[in-house]
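Chain residues, written in single-letter form:
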Amino acid sequence: MLNKYARAFFTRVLTPFAAFLLRRGVSPDAVTLIGTAGVVAGALVFYPRGQFFWGTVVITCFVFSDLVDGNMARQMGRSSRWGAFLDSTLDRVADGALFGGLAMWYAGSGDDLTLCAVTIFCLASGQVVSYTKARGEAIGLPVNVNGLVERSERLVITLVLCGLAGFHRTFGVPGIQWLLPIALWVVAVGSLITLIQRVVTVRRESAEADAAALEQAGQGSGA
Ligand SMILES: CCCCCCCC/C=C\CCCCCCCC(=O)OC[C@H](COP(=O)(O)O[C@@H]1[C@H](O)[C@H](OP(=O)(O)O)[C@@H](O)[C@H](O)[C@H]1O)OC(=O)CCCCCCC/C=C\CCCCCCCC
Ligand SMILES: Nc1ccn([C@@H]2O[C@H](COP(=O)(O)O)[C@@H](O)[C@H]2O)c(=O)n1
Ligand SMILES: [Mg+2]
Ligand SMILES: [Mg+2]
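The rules we used
Residues numbered from 1 in each chain as written. Chains lettered and ligands numbered in written order. Predicted model: local features only at pLDDT ≥ 70, side-chain atom pairs only at ≥ 80, totals over all residues. Heavy atoms only, no water. UniProt positions renumbered as here; feature names shortened; annotations may be inferred. Salt bridge = Lys/Arg side-chain N within 4 Å of Asp/Glu carboxyl O. Helix = DSSP H or I, 4+ residues; strand = E, 2+ residues; numbered from the N terminus. Buried < 20%, exposed > 50% of the residue type's maximum accessible area, 1.4 Å probe, protein only. Donors = N, O, S within 2.8 Å, 3.2 Å for Na, K, Ca; no water. Expected span 1.5 Å × (residues − 1). Contact = heavy atoms within 4.5 Å. Tetrahedral: all angles 85-135°; square planar, octahedral: opposite > 155°, others 65-115°. Near = heavy atom within 4 Å. Polar contact = N/O pair within 3.5 Å; in protein donor to acceptor, adjacent residues only side chain to side chain. Areas by Shrake-Rupley, 256 points an atom, 1.4 Å probe, with all protein chains shown as cover. Nonpolar A, V, L, I, M, F, W, Y, C, P; charged D, E, K, R; others polar.

Looking up the chain in an unreviewed UniProt entry gives the name Phosphatidylinositol phosphate synthase, with the organism given as Actinacidiphila polyblastidii. Taken from UniProt, the Sequence similarities (unreviewed entry) comment for the chain reads in full: "Belongs to the CDP-alcohol phosphatidyltransferase class-I family." Among the UniProt annotations of the chain, the heading Subunit (unreviewed entry) holds the following wording: "Homodimer."

Draft legend 1. Representation of the pattern of salt bridges within the structure. Counted under the stated rule, the structure contains five salt bridges. Among the salt bridges present, the one from arginine 151 reaches aspartate 91, with a minimum N-O distance of 3.3 Å. With arginine 151 in helix α7 (residues 151-171) and aspartate 91 in helix α5 (residues 81-107), this pair connects stretches of sequence that are 60 residues apart. No difference in accessibility class separates arginine 151 from aspartate 91, as the two residues are buried. Among the charged side chains, a salt-bridge network with shared partners connects Asp66, Asp91, Arg92, Asp95 and Arg151.

Draft legend 2. The coordination of the magnesium ion (ligand 3), seen in detail. All of the protein donors around the magnesium ion (ligand 3) are Asp66 (O), Asp66 (OD), Asp69 (OD) and Asp87 (OD); their distances to the metal are 2.0 to 2.3 Å. Separating the magnesium ion (ligand 3) from the magnesium ion (ligand 4) is a distance of 3.6 Å, and aspartate 66 supplies a donor atom to each of them. A residue pair is termed long-range when its members are at least 10 positions apart, and aspartate 69 in helix α4 (residues 65-76) and aspartate 87 in helix α5 qualify at 18 residues. For the pair formed by aspartate 69 and aspartate 87, the shared burial category is buried.

Draft legend 3. Quick look at helix α1 (residues 2-23). The first and last C-alpha atoms of α1 sit 29 Å apart over 22 residues, in line with the 32 Å expected at 1.5 Å per residue. Looking at α1, one finds that the buried residues are Ala6, Leu14, Ala18, Ala19 and Leu21. Contacts made by the buried residues of α1 are with α2 (28-46) and α4. Positive backbone phi, at 85 degrees, marks glycine 25, one or two positions downstream of α1.

Draft legend 4. Layout of the coordination of the magnesium ion (ligand 4). Note on the magnesium ion (ligand 4): its protein donors are Asp66 (OD), Asp66 (OD), Asp87 (OD), Asp91 (OD) and Asp91 (OD). The metal-donor distances range over 2.0 to 2.6 Å. For the magnesium ion (ligand 4), the six donor atoms in the first shell make angles of 53 to 159 degrees at the metal, so the coordination geometry reads as irregular. Of note, the magnesium ion (ligand 4) draws all its donor residues from one chain, in the sequence arrangement D-x20-D-x3-D. Overall, the relative accessible area of 23% leaves aspartate 66 in the partly exposed class. According to the relative accessible area criterion, aspartate 91 is buried, its value standing at 12%.

Draft legend 5. Spatial organisation of the site of ligand 2. In the vicinity of ligand 2 there are 15 residues, among which Arg7, Asp29, Asp66, Asp69 and Arg74 approach most closely. In this structure, a nitrogen atom belonging to ligand 2 sits 2.8 Å away from a side-chain N or O atom of aspartate 29. One nitrogen or oxygen atom from the main chain of glycine 70 is found 3.3 Å from an oxygen atom belonging to ligand 2. Calculation on ligand 2 without its partners gives an accessible area of 470 Å², and the protein chains cover 83% of this total. Of all the secondary structure elements, the ones that give two or more residues to the shell around ligand 2 are α2, α4 and α5. When residues in the shell around ligand 2 are grouped by element, the largest group, five residues, is from α4.

Draft legend 6. The site of ligand 1, seen in detail. Taken together, 29 residues surround ligand 1, and among them Arg7, Ser88, Ser130, Arg151 and Arg198 come closest. The side chain of serine 130 places a nitrogen or oxygen atom 3.0 Å from an oxygen atom of ligand 1. Serine 152 places a side-chain nitrogen or oxygen 3.3 Å from an oxygen atom of ligand 1. Considering ligand 1 on its own, with 1,200 Å² of exposed area, one finds that the protein chains cover 76% of that surface. Breaking the shell around ligand 1 down by element, the ones donating at least two residues are α1, α3 (52-63), α4, α5 and α7. Among the residues forming the shell around ligand 1, the class breakdown is 14 nonpolar, six polar and nine charged.

Have a look at this one:
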């Protein structure tokens, strides 16, 4: 949903910045790499210590690089296969660090095994959701479904609620610490639904493609 409706807005907002970076000789790949490094550092330095506010501030500063790199590549007229591969692969690394950092908190001082398990489920299910699309497309299917909770939704829900929950621990604002557990449960359930939506679509599309191939083979042998 966000990919559909918010992308156009952020493209307009970020295009001048992307053009500025290009004029300074920065490459899209450099933005992809530095953005991922910033997200990983923010998540693994701050989240395991329960510093949700500062972790979210650092991650937010870097996560938009994922919109800037593609924008730069398109402005250059050089959207490459390598760039697409690098972008998607490093997305998986960033997501691993984000949910991994939160899981480390719950496994350590956060001391909540249930939320640790929910966070690990968010990590694993998010990776599998993305894999279903990549693998479906690799076997030649259109995979015409995005599903309820794409990566941008997973990030926005987690970062917004995690950042707000951080106000509790950093500034002592009472009563909002439960926003992070809510975000994790919502992302976990949403990812599961999305996974089911994508698997069902790939199953239908592969049955249709196999039937069409069989019919074509039958016509070929009959002619
Ligand atoms: C300061 C603390 C106070 C607390 C307040 C909260 C602060 C934090 C607020 C918001 C931060 C959220 C920002 C999240 C932005 C995420 C943008 C992003 O990374 O989008 C990535 C995506 C790129 O698309 P791709 O095609 O490259 O990605 C593909 C996708 O990942 C596929 O995933 P799948 O579908 O399978 O799940 C992969 O399969 C594929 O491999 C991969 O290539 O871009 C979009 O999707 C476009 C939409 C972006 C929408 C961004 C909305 C941001 C909304 C609110 C921002 C609010 C800003 C507030 C700033 C506050 C600053 C202090
Ligand atoms: N280093 C890069 C990063 C991305 N691309 C191209 O952009 C597409 C992704 O666009 P986003 O707006 O979602 O970032 C990607 O599929 C590549 O075509 C690139 O070339 N080099
Ligand atoms: Mg990108
Ligand atoms: Mg990306």
